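# Topology and contacts: notes
As a plain string of letters, each chain reads:
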Amino acid sequence: MKTLVRPAVTLFVLLSVITGLLYPLLVTGLAKAVFPRQAAGSLVRDAQGQVIGSSLIGQNFSDPKYFWGRPSATSPMPYNAANSGGSNQGPLNPALIDAVKGRIEALKAADPNNAAPIPVDLVTASASGLDPHISVAAALYQSGRVARVRGLSEDAMRKLIADHTEGKLLGVIGEPRVNVLELNLALDGAPAR
């Protein structure tokens with residue numbers, strides 16, 4: 001029995017040190033050397049250097065002068081990074097249908113003269129509930145409201161959206177998208193018309 005236990009314990013300790021200590025330290029060190037900003041959480045700082053968010057996690061914007069991101073299914077608060085996950089409600093679930101209707105009503109109440117179709121990403125949460133991006137269509141849908149509230153021209157708003165549109169990953173994966181936090185930060189720095 002001793003001849004079986006000793007090699008098993010030795011192998012367990014050796015693999016624990018390699019996979020639980022050495023490998024994570026190596027990968028973390030490489031990440032910090034090659035991708036320092038991303039390894040630190042892709043933090044976004046304001047003009048004073050204060051951390052105000054991450055470009056990888058959505059933020060809760062509800063003021064009409066800002067672009068709004070996708071709804072978040074995380075709880076107890078929106079965009080709770082400690083509780084990432086979707087609502088797991090299917091398309092026929094009455095709770096999801098009611099939530100989407102409520103979100104549509106809120107969007108129409110915030111911009112009653114907007115007759116454009118509401119993009120689906122403004123009324124449904126992403127799988128993680130933390131998506132920091134909206135589609136270009138969702139940004140353009142909101143541009144009239146934000147322009148009016150801020151006293152900017154719609155042309156200036158469309159240019160700002162275009163300037164902050166990220167293309168497809170590697171030119172082929174996904175769709176063009178807009179990071180809501182970065183767009184709103186740029187908006188705060190935009191001059192009035």
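Every chain begins its residue count from 1, and numbering advances along the sequence as written. With pLDDT at 70 or above as the cut-off, local features in this predicted model cover only qualifying residues; side-chain atom pairs require 80 or more to be listed or tallied, and sums for whole chains, interfaces and linings still use all residues. Think of the side-chain values as coming from all heavy atoms in the structure, minus any hydrogens and water.

Turning our eyes to something else, we now look at the packing of aromatic side chains. Ring pairs shown here join Phe, Tyr and Trp side chains whose ring centres sit within 6.5 Å, with only the six-membered ring taken for Trp; geometry is labelled stacked below 30 degrees between planes, edge-to-face above 60, and tilted in between. Within this structure, the stated rule accounts for one aromatic pair. Judged by centre distance (5.3 Å) and plane angle (45 degrees), the ring pair of F61 and Y66 falls under tilted. Two conditions define a charge located above a ring, namely a distance within 6 Å from the ring centre to NZ of Lys or CZ of Arg, and an angle within 35 degrees of the ring normal. Its guanidinium or amino end placed over the ring of W68, R145 lies 4.0 Å from that ring's centre, counting from NZ or CZ. Against the face of Y66 rests R150, its NZ or CZ located 5.0 Å from the ring centre.

Before going further, it helps to examine unusual backbone geometry. The phi angle at S42 is positive, at roughly 50 degrees, despite the residue not being glycine. A helix here means a DSSP run of H or I that spans at least four residues, while a strand means a run of E at least two residues long, and both kinds are numbered starting from the N terminus. Relative to the assigned elements, S42 resides in the loop between α2 (36-39) and β1 (43-45). Accessibility expressed as a relative area gives 2% for S42, which makes it buried. For every residue, the accessible area (1.4 Å probe, protein chains only) is compared with the maximum for its type, and the residue is labelled buried under 20%, exposed over 50%, or partly exposed between those bounds.

Residues of helix α5 (residues 154-163) that are buried include every one of M157, L160 and I161, and no others. Buried residues of α5 fall within an arc of 100 degrees about the axis and therefore sit on the same side. Facing away from the buried side of α5 by more than 90 degrees, the exposed set consists of D155, K159 and A162. As for α5, its buried residues are in contact with α4 (136-150), β4 (165-166), β5 (177-179) and α6 (180-188). In this context, the arc is that of the directions from the helix axis out to the C-beta atoms. Only heavy atoms enter the contact rule, under which two residues are in contact if any of them lie within 4.5 Å.

Turning to the side chain of N179, a few remarks are in order. Relative to the elements of secondary structure, N179 occurs in strand β5. Whenever a nitrogen or oxygen atom comes within 3.5 Å of another N or O atom, the pair is scored as a polar contact, on the condition that within protein one atom can donate a hydrogen and the other can accept it, and that pairs from neighbouring residues in sequence are kept only if both atoms are in side chains. At 3.1 Å, the side chain of N179 forms a polar contact with the backbone nitrogen of E182. Discounting chain neighbours no more than four positions away, the residues touching N179 are S55, P132, H133, H164 and E166.

What follows is about the sheet that holds β4. Across a sheet, paired strands are connected by hydrogen bonds in the backbone, their directions being either parallel or antiparallel. Taken together, three strands build an open sheet; the order of strands is β3-β5-β4 and the sheet is antiparallel. Bordering the open sheet on either side are β3 (133-135) and β4, each of which pairs with just one other strand. The criterion for strand pairing is that DSSP finds at least two bridges linking the strands in question. Relative to β5, β4 runs antiparallel, the two sharing two bridges. Opposite T165, over in β5, you have V178 as the bridge partner. Structural elements are reduced to axes, namely lines fitted to C-alpha atoms, with helices fitted over the stretch in contact, and the angle between N-to-C directions of any two is expressed from 0 to 180 degrees. Where α4 meets the sheet, its contacts fall on β3, β4 and β5, and the angle it forms with β3 comes to roughly 80 degrees.

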